[in-house]
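Observations on the three-dimensional arrangement
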Amino acid sequence: MAAEKLPIAVLQTQRMGDLILTYPLLLWLARRYPGHPVTVVAEPDFAAPLAPLSPPAGYWPLSRGAELARREHALVINLSIRPEAARLAGLIPAETTLGPVADAAGVVRVAGDWQLYRASVVGNNRHNRFHWAELNALDLIPAGDMAATAWPAPRGGRPDRSKVGVFVGASERDKRPSAAFSGALCRELARRGLVPVLLGGPGEVALGAEAARNAGIPVGNLCGRLGLMELAVLGQELSLLITPDTGPMHLAAWTGLRTLNISVGPVSAYETGPYQPGHFVLRPRMSCRGCWGCVRERPYCRERLDAARVAYVASRLARGETARLAGAMVPGYELLTTGRDGLGLYALTPLCRGERPDAREVLGAFWRAQFGWLLGTFDAAEPRAALDALAVAHPRLLAALSRGLAGLGARLARLACQGGVPDVGFALTFAPVVRPLAGFVERLLQNADGDRASRLRCLALLERTASLVSRS
């Protein structure tokens, strides 16, 4: 009889959306490590109702997590930022442990290059183009396995199905449209022959009632009346879900309901947009888009939402008229569709492209390719091609990148001489053009207390990047 295979533990104690974005990893683990039982440590309020929709796994509350320490594991993957999860990751004996791990003294270190990369883009994500669902997995799962995953085309977009969901809630106020906007959106959808239905959880009952009043017309309001499984079932009847970046958006995408993500506030659609291909993202065309926190007194992106324009896009999608949006201009907005790039990883594709590639997007494409190469996922052809595109479209930006790398090299040399470790503000002292590498260097040195091996690795990463840029 074959020996029983060691189990795998995944720690994901964050919110509902984070848990659903862990589901692709569970699929890939089942294929990469067949026969290994998987346990997910998660919040019971989310895990229990969603379990019938999850890939096969056992679910445990964090309060029982210590019981896992009684058995050897093949893998422990901590995807949480909570200190309790890091302590648990340090207690479970395993051949490989990834993510934040606390040692016996309570010191937390991040194991895994891609987990460290993810930590480095928190608050420093302007040029990050890797989706959270893939960052959960890249330390373990080859990009080719992700590329080979086939996702069914989402349902919806049918002229004979006029019911459209309007989800009003989100985990943070700045991530969700106002009740005035939601009410006006319902009114505009009805004017276009659609039947809007307000949706939200128990915490959005008052918000849904206010939106219904603002609509000024009879509108169905199911806020606070549906559980998560009931919401998934209702999705079978909808032609589209219009939603901010929130857990139910990921539930809709996972269960195959076409979504239109209204991306406003401290979110980046590249990181937490609908993961499966065939969904849509609409966001105000602003230079500060994709932030992690607004530095203004109020988030202007949220205030710039226009119900008539959003309803126009939604009505086309709900009726299956996506082709009529290709090349169309929606004044003040970017409309993007979720899909996959040439390597099979998550990509957002504008339905209407400008004549000149956006500088921020071209630079983001370079840093994505560069880190993919530096961390061993892509080959060198990817960053070379991205640099060529940058040189053609924005040569002055390429020159600024070269200067920024020289400045980073000088700072690293001084740190090496002093034997110091950069503080948490190190990366922010650099221009955004070079900040992705500065942020990774900052976290790498902090993670290893600035030891000799980490300093040498930082210099090697810088040298590989600078050499590539200098040849462009």
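Scope of this entry: the structure provided in the associated data block. One numbering rule holds for all chains: residues counted from 1, following each sequence as written. Local features in a predicted model are, by the rule used here, given only for residues with pLDDT of at least 70; side-chain atom pairs are given and counted only at 80 or more, and totals for whole chains, interfaces and linings are based on all residues. Only hydrogens and water are set aside when side-chain values are computed; all heavy atoms of the structure are taken into account.

**Regarding the pairing of strand E5 (residues 94–102)**
Where strand E4 (residues 73–78) and E5 come together, four bridges link them in parallel fashion. Looking at the pairing, His73 lines up with Ala94 of E5. Seen with its strands pointing away from the viewer, a crossover is right-handed if its path from the first strand over the helix to the second goes clockwise. Only DSSP runs of H or I reaching four residues or more are called helices, and only runs of E reaching two or more are called strands; each is numbered from the N terminus. As a crossover connection, the stretch from E4 through helix H4 (residues 83–91) into E5 is right-handed. Each pair of strands is called paired provided DSSP finds at least two bridges between the two strands. Direction of pairing for E5 relative to strand E6 (residues 108–111): antiparallel, over a ladder of four bridges. What sits directly across from Gly99, in E6, is Ala111. What sits between the antiparallel neighbours E5 and E6 is a turn of five residues, in which Gly106 has the positive phi angle 90°.

**Topic: helix H5 (residues 113–120)**
In this scheme, a residue with accessible area under 20% of its type's maximum is buried, one over 50% is exposed, and one in between is partly exposed, where area comes from a 1.4 Å probe on protein chains only. The buried fraction of H5 is high, at seven of eight residues. Two residues form a contact once any of their heavy atoms are found within 4.5 Å. Tucked into the core, H5 has its buried residues touching E4, E5, E6, helix H6 (132–135), helix H15 (359–374) and helix H18 (435–447).

**Considerations on the sheet that holds strand E13 (residues 333–340)**
Sheet architecture is open: eight strands sit in the order E9-E8-E7-E10-E11-E12-E13-E14, paired in mixed fashion. The sheet terminates laterally at strand E9 (220–221) and strand E14 (346–350), the two strands that pair on one side only. In the sheet, strand E7 (residues 163–167) pairs with strand E10 (residues 240–243) via three bridges, with the strands oriented parallel. Counted as the bridge partner of Val166 is Ile242 from E10.

**With respect to empty space enclosed by the protein**
Grid points spaced at 1 Å over the protein atoms alone were grouped into cavities, where a 1.4 Å probe fits but cannot get out, and pockets, open sets with protein on both sides within 12 Å along at least five of seven lines, with lining residues defined by an atom within 4 Å of a point. Grid points are joined across faces, edges and corners, and a volume is the space filled by probe spheres set on the points. One pass over the structure, following the stated rule, counts seven cavities of 30 Å³ or more. Taken as a whole, the second largest cavity encloses approximately 80 Å³ of empty space. If you go around the second largest cavity, the residues you meet are Leu199, Leu231, Ala232, Gly235, Leu238, Leu241, Pro248, Leu251, Ala252, Thr255 and Leu257. The set of elements that each furnish at least two residues to the lining of the second largest cavity consists of helix H10 (228–234) and helix H11 (247–254).

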